[in-house]
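Understanding the architecture of this molecule
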Amino acid sequence: MDSRSSRKNKVIFLIILLAFGFAGFAQSPQVINYQGVARNSLGNPLANQKLNLRLSVRNLSSTGAVVYSETRLVTTNSGGLYTVLIGGVGATATSGTIEATNWQIGS
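An account of the accompanying structure is given in this report. (Residues numbered from 1 in each chain as written. Predicted model: local features only at pLDDT ≥ 70, side-chain atom pairs only at ≥ 80, totals over all residues. Heavy atoms only, no water.)

Quick word on the overall build of the protein
Within the protein, the secondary structure is distributed over one helix and five strands. Seen in sequence order, the protein has helices and strands lined up from the N terminus as α-β-β-β-β-β. Going through the 107 residues of the protein one by one, you find that 18% of them count as buried. (Helix = DSSP H or I, 4+ residues; strand = E, 2+ residues; numbered from the N terminus. Buried < 20%, exposed > 50% of the residue type's maximum accessible area, 1.4 Å probe, protein only.)

Details of the sheet that holds strand β5 (residues 93-95)
Spatially, three strands are ordered β2-β3-β5 in an open sheet, and the strand pairing comes out antiparallel. Strand pairing shows two members of the sheet lacking a second neighbour, β2 (50-58) and β5, which therefore form its edges. Strand-to-strand twist of the sheet, defined as the mean angle between neighbouring strand axes without regard to direction, takes the value 15°. (Pairing = 2+ DSSP bridges. Axes fitted to C-alpha atoms, helices over the stretch in contact; angles between N-to-C directions.)

Structural notes on the pattern of salt bridges
Applying the stated criterion across every chain yields a total of one salt bridge. With a shortest N-O distance of 2.4 Å, glutamate 70 and arginine 72 are connected by a salt bridge. Residue glutamate 70 shares its accessibility class with arginine 72, and that shared class is buried. (Salt bridge = Lys/Arg side-chain N within 4 Å of Asp/Glu carboxyl O.)

With respect to the side chain of arginine 72
For arginine 72, the position within the fold is in strand β3 (residues 66-75). A distance of 2.4 Å separates a polar atom in the side chain of arginine 72 from a polar atom in the side chain of glutamate 70. Among the polar contacts listed, one links the side chain of arginine 72 to the backbone oxygen of valine 89, at a separation of 3.1 Å. Beyond its immediate chain neighbours, meaning those up to four positions away, arginine 72 contacts Leu51, Asn52, Leu53, Leu55, Val84, Leu85, Gly87, Gly88, Val89, Gly90, Ala91 and Thr92. (Polar contact = N/O pair within 3.5 Å; in protein donor to acceptor, adjacent residues only side chain to side chain. Contact = heavy atoms within 4.5 Å.)

Some thoughts on the nonpolar core
Core analysis: the biggest nonpolar cluster contains eleven residues, these being Ala38, Leu51, Leu53, Leu55, Val57, Tyr68, Val74, Tyr82, Val84, Ile86 and Ile98. Counting only elements with at least two residues in this core, the list comes to β2, β3 and β4 (81-86). The biggest single contributor to this core is β2, with four residues. Sequence-distant contacts of leucine 55, defined by excluding residues within four places in its chain, comprise Tyr34, Tyr68, Ser69, Glu70, Arg72, Val84 and Ile86. (Core = buried A, V, L, I, M, F, W, Y, C linked by side-chain atoms within 4.5 Å.)

Some points on unusual backbone geometry
For asparagine 48, which is not glycine, the phi torsion reads 50° and is therefore positive. By secondary structure assignment, the location of asparagine 48 is in the loop between β1 (32-37) and β2. Not every positive phi belongs to a glycine, and leucine 60 is a case in point at roughly 75°. By the secondary structure assignment, leucine 60 is in the loop between β2 and β3. Its relative accessible area of 57% is what places leucine 60 among the exposed residues.

Structural data, given as structure tokens:
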């Protein structure tokens, strides 16, 4: 094998290696960004409050089987806004996994 062919093979190998590497980065993250505003019964925001949230992913409808569930402690800001990463670190209790959720079925 001459040096020209060897160099060509190395370049092809490098391209294939990079393609597989980038394919790994193309996967969707295993968390869901979620924001909400906590309000009282009069519709006023609950400013700077600690809340326990139970977040669930259900199959087919709002009353369907729970596919994933977690409980979190969050603190609202001055407008009652809170932000969580469903499936991320910090959940106090979980049932199921986001990774195991089949997003191709259900609604």
